[in-house]
Amino acid sequence: MKYFMTGDFHTHTVHSHGEGTIRDNVLAARAKGLREIAITDHGPGNQENGISRASVPEMRKIVTALNEEFDDITIHLGVEANINSKGNCLDVSPEEFDDFDFVIAGYHYGIDNGYCLENWKDFYKGYNSRELMMRNTQMALTAIYENNIRILTHPGDKANFDMLELARACAETDTWMEISTSHATLNVRQIKLCAKTDVKFVISSDAHMPSRVGSFEGGLRRALEAGLDPERIVNIERGEKDA
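The notes below deal with the structure included here. From a predicted model like this one, the values you see are computed outputs, not experimental measurements.

## A word on the overall build of the chain
When helices and strands are counted, the chain shows 7 helices and 9 strands. On C-alpha atoms alone, the chain measures out to a radius of gyration of 17 Å, which is about the 18 Å that the 2.2 N^0.38 rule sets for 243 residues. For the chain, the C-alpha atoms occupy an extent of roughly 50 × 45 × 30 Å along the three principal directions. Of all intrachain contacts in the chain linking residues separated by at least 6 positions in sequence, the fraction that spans at least 24 positions is 74%. Looking at charge distribution, the chain has the averaged site of its 26 positive side-chain charges lying 6 Å from that of its 38 negative ones.

Pasting the structure below:
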């Protein structure tokens, strides 16, 4: 059985640390036959790679113009917010949500109030501190419950979380859990665990160069190996693409 991706909802451009322009990503998506693409550069709290808040109006103008130019694809302006431990636990405020079509969110290093150094040591040295995992889980749960997040990106990457608790929260809030083709997460074991809940999944390229836009095959292989019903992946369909 053949499968294809209908939309790639996690891509980066030169507005954060991607290599292509918004237009480059859109052209790549059209070449892959996608129906939708989202431009989701890193939130402003990422010290090295975050977008400038001042650039958002110009990004919106570009996206609007491209939607007017092309009638075969829908282009969304989003942002990949950074999960942290303060306030609404994101570096995008509730008021700023209106600047975007939707917000996706994930945990990254290079942010304030995110236990970054502790997590780097814990995650890569294999210390697996339960106390730190509980703190990580609590900040992620707060971000999920207090914000209207479309996708929880590459959950389990760069830090340890209680993945079953995250999956339950995502199921309750209709937040999609990402199977990333740029990261090892969700891995097969994590997919099996999260699939015990009613959570929906999405495969994303997390493309940082236009050539990777629309990449989904690696994520789908993991999902199938985990025994996940592809019907639970919101942007994957069976059969041939529309002509």
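## Points about unusual backbone geometry
Of note, the bond from Thr-185 into Leu-186 is cis; its omega dihedral lies within 30 degrees of zero at -10°. The residue His-154 is not glycine, and still its phi comes out positive at about 30°. Relative to the helices and strands, His-154 is located in the loop between β6 (149–152) and α5 (163–173). For Lys-158, which is not glycine, the phi torsion reads 75° and is therefore positive.

## A word on the sheet that holds strand β3 (residues 36–42)
Judged by pairing direction, the sheet is parallel, and its 7 strands sit side by side in the order β2-β3-β4-β5-β6-β7-β8 without closing on themselves. With partners counted over all chains shown, the strands left at the sheet margins are β2 (7–11) and β8 (201–204), one partner each. On average, adjacent strands in this sheet sit at an angle of 30° to one another, irrespective of strand direction. As paired strands, β2 and β3 are joined by 3 bridges and run parallel to one another.

## Examining a nonpolar patch on the surface
Side chains of Leu-117, Trp-120 and Tyr-124 sit close together on the surface and give an oily, nonpolar patch of about 360 Å² of accessible area. Within the secondary structure, Leu-117 is located in helix α3 (residues 116–125).

## Observations concerning the packing of helix α1 (residues 22–31) against helix α2 (residues 56–69)
Between α1 and α2, the shortest axis-to-axis distance is 10 Å and the interhelical angle comes to 35°. Crossing angle aside, the handedness with which α1 passes α2 is right-handed. Here Ile-22, Arg-23 and Val-26 of α1 lie close against α2, whose contacting residues are Met-59, Ile-62, Val-63, Leu-66 and Glu-69. Taken together, the residues of the contact of α1 with α2 sort by class into 6 nonpolar, no polar and 2 charged.

## What to know about the pattern of salt bridges
A full pass over the atoms with the stated rule returns 12 salt bridges. Between Glu-69 and Arg-23 there is a salt bridge, with the nearest N and O atoms lying 2.8 Å from each other. With Glu-69 in helix α2 and Arg-23 in helix α1, the pair connects residues that are 46 residues apart, well separated along the chain. The exposure class assigned to Arg-23 is partly exposed, which follows from its relative accessible area of 36%. Note that Arg-238 and Asp-229 form a salt bridge whose closest N and O atoms lie 3.9 Å from each other. Salt bridges here are not isolated pairs; linked through shared partners, they connect Glu-118, Glu-131 and Arg-135.

## Concerning the state of the cysteines
One pass over the full model with this rule turns up 0 disulfides. Unpaired in this structure, Cys-89 has its nearest cysteine sulfur neighbour in Cys-116, at a distance of 13 Å. On the basis of relative accessibility, which here comes to 5%, the residue Cys-89 falls in the buried class. Here Cys-194 stays unpaired: no disulfide links it, and the sulfur of Cys-170, its closest cysteine neighbor, is 8.0 Å away. For Cys-194, a relative accessible area of 0% corresponds to the buried category.

Parameters and conventions
- Every chain begins its residue count from 1, and numbering advances along the sequence as written.
- Per-residue local features are limited, in this predicted model, to residues with pLDDT of at least 70; the limit for side-chain atom pairs, both in listing and counting, is 80 or more; totals at the level of whole chains, interfaces and linings are taken over all residues.
- Computation of side-chain values covers all heavy atoms of the structure but excludes hydrogens and water.
- Numbering goes from the N terminus for both helices and strands, where a helix is a DSSP run of H or I of at least four residues and a strand is a run of E of at least two.
- Atoms considered for the radius of gyration are the C-alpha atoms alone. The globule rule reads 2.2 Å times the number of residues to the power 0.38.
- Any two residues whose heavy atoms approach within 4.5 Å at even a single point are treated as in contact.
- For the purpose of counting charges, residues Lys and Arg are taken to be positive, whereas Asp and Glu are taken to be negative. His and the chain ends are not included.
- Working definition for charges: the position is that of NZ of Lys, CZ of Arg, CG of Asp or CD of Glu.
- DSSP bridges decide pairing: two strands pair if at least two such bridges lie between them.
- In this analysis, axes come from line fits to C-alpha atoms, helices being fitted only over the stretch in contact, and the angle between any two N-to-C directions falls in the range 0 to 180 degrees.
- Patch membership needs two things, relative accessible area over 30% and no salt bridge, and members are linked within 9 Å if like-charged or within 5 Å if nonpolar (Val, Leu, Ile, Met, Phe, Trp, Tyr).
- The protein chains shown are the only cover counted for residues, whose accessible areas, like all others here, come from Shrake-Rupley with a 1.4 Å probe.
- For salt bridges, the criterion is a side-chain nitrogen of Lys or Arg within 4 Å of an Asp or Glu carboxyl oxygen.
- In this scheme the crossing of two helices becomes right-handed for a clockwise turn of the near helix relative to the far one and left-handed for an anticlockwise turn of less than a right angle.
- Amino acids outside the nonpolar list (Ala, Val, Leu, Ile, Met, Phe, Trp, Tyr, Cys, Pro) and the charged list (Asp, Glu, Lys, Arg) are all regarded as polar, and Gly is one of them.
- Three exposure classes are used, based on accessible area relative to the maximum for each residue type with a 1.4 Å probe and protein chains only: buried under 20%, partly exposed in between, and exposed over 50%.
- Cysteine sulfur pairs qualify as disulfides if the two atoms are within 2.5 Å.

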